[in-house]
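Notes for the structure review
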Amino acid sequence: MDCHLHTVHSGDSVLRVAELAERVAAERLDVVCVTDHHTLAGAHEALERDIGARVIVGEEIRTGGGEIIGLFLTERVPYVLPLAEAVRRVRAQGGLVYAPHPLDPGRSSLGAARLAALCEGGLADVVEVFNSKVRDQAWNTGAAEMAARYGVPGAAGSDAHDAYGVGAAYVEMPDFDGPRSFVAALAEGRIVGEYRDHAAWPAR
């Protein structure tokens, strides 16, 4: 399962859903979490097109306290809400709160203090412990150490914004049938990943 990727619906991604289907087959992915910025449209399109993998509907949400991802969503969560309110809205619809690239200082990440507060409060369901766009592996390692300290399952995401990136990170894990069993299965998972930068765009 690739837990974190973006389609063209994100606005900053060039990955079309048809290309995602091709990459799913090439990378032999069974599950993908489509986590576009501030929209569920890409995940819904992937569901409608039957891309050859199970699709978990997600959204990467920019909050006043850094980015989180909501998984297993049924409705979009608006951006730039306070962190606590965004978390509340994810959980109110039965979704999971996933902390993406939480320690990467180059992005709108939670940072160590906010991640710790969410974990201590039982409000972080999953911590991304490997993100393929994180250049300094100390930031992934630090996230893994924090997840272990608080007993929160770790996940891996390619954070793909192009076809090349899909499958650069994934979790090998048991099957699951909903949010709660997803978390339990992640706890038994094996993280696999490599650093893979965004593909170079053609010069104009």
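Numbering of residues starts from 1 in every chain and runs along the sequence as written. Under the rules for a predicted model, residues below a pLDDT of 70 receive no local features and side-chain atom pairs below 80 are neither given nor counted, while totals for whole chains, interfaces and linings still include all residues. The side-chain numbers reported here are obtained from all heavy atoms of the structure, hydrogens and water having been left aside.

1. Thoughts on the state of the cysteines
To be explicit about the condition: Disulfides are defined as pairs of cysteine sulfur atoms found within 2.5 Å of each other. Each residue is placed in one exposure class: buried if its accessible area under a 1.4 Å probe, protein chains only, is under 20% of its type's maximum, exposed if it is over 50%, and partly exposed if it falls in between.
In total, this model carries zero disulfides according to the counting rule given. Cysteine Cys3 remains unbridged, with the sulfur of Cys33 as its closest cysteine sulfur at 4.8 Å. Residue class for Cys3 comes out buried when judged on its relative accessible area of 0%. Summary of cysteine pairing: Cys119 is not part of a disulfide, and the nearest cysteine sulfur, belonging to Cys3, is at 16 Å. The exposure class of Cys119 is buried, given its relative accessible area of 8%.

2. As for the pattern of salt bridges
The following threshold applies: Any Lys or Arg side-chain nitrogen located within 4 Å of an Asp or Glu carboxyl oxygen qualifies as a salt bridge. Strands are runs of DSSP state E lasting at least two residues, helices are runs of H or I lasting at least four, and both sets are numbered from the N terminus onward.
Applying the stated criterion to the full structure yields 14 salt bridges. Between Arg23 and Glu27 there is a salt bridge, with its nearest N and O atoms 2.8 Å apart. Separated by four residues within a single helix, Arg23 and Glu27 lie in helix 1 (residues 17-27), roughly one turn from each other. The shortest N-O distance in the salt bridge between Glu67 and Arg62 comes to 3.7 Å. Under the relative-accessibility criterion, Glu67 is labelled buried at 7%. Within the structure, one salt-bridge network assembled from shared partners comprises Glu85, Arg88 and Arg89.

3. Some details on helix 5 (residues 137-150)
Spelled out, the test is: What a helix is expected to span follows from its residue count: subtract one and scale by 1.5 Å. Working note: the arc is built from the helix axis to C-beta atom directions. Working rule for contacts: check all heavy atoms of both residues, and any pair within 4.5 Å makes them a contact. Any N or O atom pair separated by 3.5 Å or less is treated as a polar contact, with the protein-specific requirement of one donor-capable and one acceptor-capable atom, and with residues adjacent in sequence counted only for side-chain atom pairs.
Under the 1.5 Å per step criterion, the end-to-end length of helix 5 is 20 Å for 14 residues, consistent within 8% with the ideal 20 Å. All of the buried residues along helix 5 are Asn140, Gly142, Ala143, Met146 and Ala147. The buried residues of helix 5 occupy an angular sector of 160° when the element is viewed end-on, so they sit on one face. Exposed residues pointing more than 90 degrees away from the buried face of helix 5 are listed as Ala148 and Arg149. Buried residues in helix 5 make contact with helix 4 (111-120) and strand 6 (126-131). Measuring from the side-chain oxygen of the N-cap residue of helix 5 to the backbone nitrogen of Ala138 gives 2.9 Å; that N-cap residue is Asp136. Trailing helix 5 by a residue or two, Gly151 shows a phi angle of about 70°, which is positive.

4. Looking at the nonpolar core
Convention followed: Take the buried residues of types Ala, Val, Leu, Ile, Met, Phe, Trp, Tyr and Cys, join any two whose side-chain atoms come within 4.5 Å, and each joined set is a nonpolar core.
Among the nonpolar cores identified, the biggest contains 40 residues, and Leu20, Val32, Val34, Ile51, Ile68 and Val127 are the most heavily contacted of them. Filtering out sequence-adjacent residues up to four positions away, Val127 remains in contact with Ala99, Pro102, Leu115, Cys119, Ala143, Ala147, Val152, Pro153, Gly154 and Ala155. Counting 21 residues, the second-largest nonpolar core is a separate cluster that includes Cys33, Leu71, Val171 and Val183.

5. Overview of the sheet that holds strand 3 (residues 54-63)
The condition that has to hold: We call two strands paired when DSSP finds no fewer than two bridges between them. All axes here are fitted lines through C-alpha atoms, helices being fitted over the stretch that makes contact, and every angle between N-to-C directions spans 0 to 180 degrees.
The sheet built from seven strands is open, its strands ordered 1-2-3-4-5-6-7 with mixed pairing. Pairing within the sheet leaves two strands with one partner each, and these edge strands are strand 1 (2-5) and strand 7 (154-157). Each neighbouring strand pair of the sheet contributes to a mean axis angle of 35°, computed without reference to strand direction. In the sheet, strand 5 (residues 96-99) pairs with strand 6 via two bridges, with the strands oriented parallel. Bridge pairing in strand 6 places Tyr98 opposite Val126.

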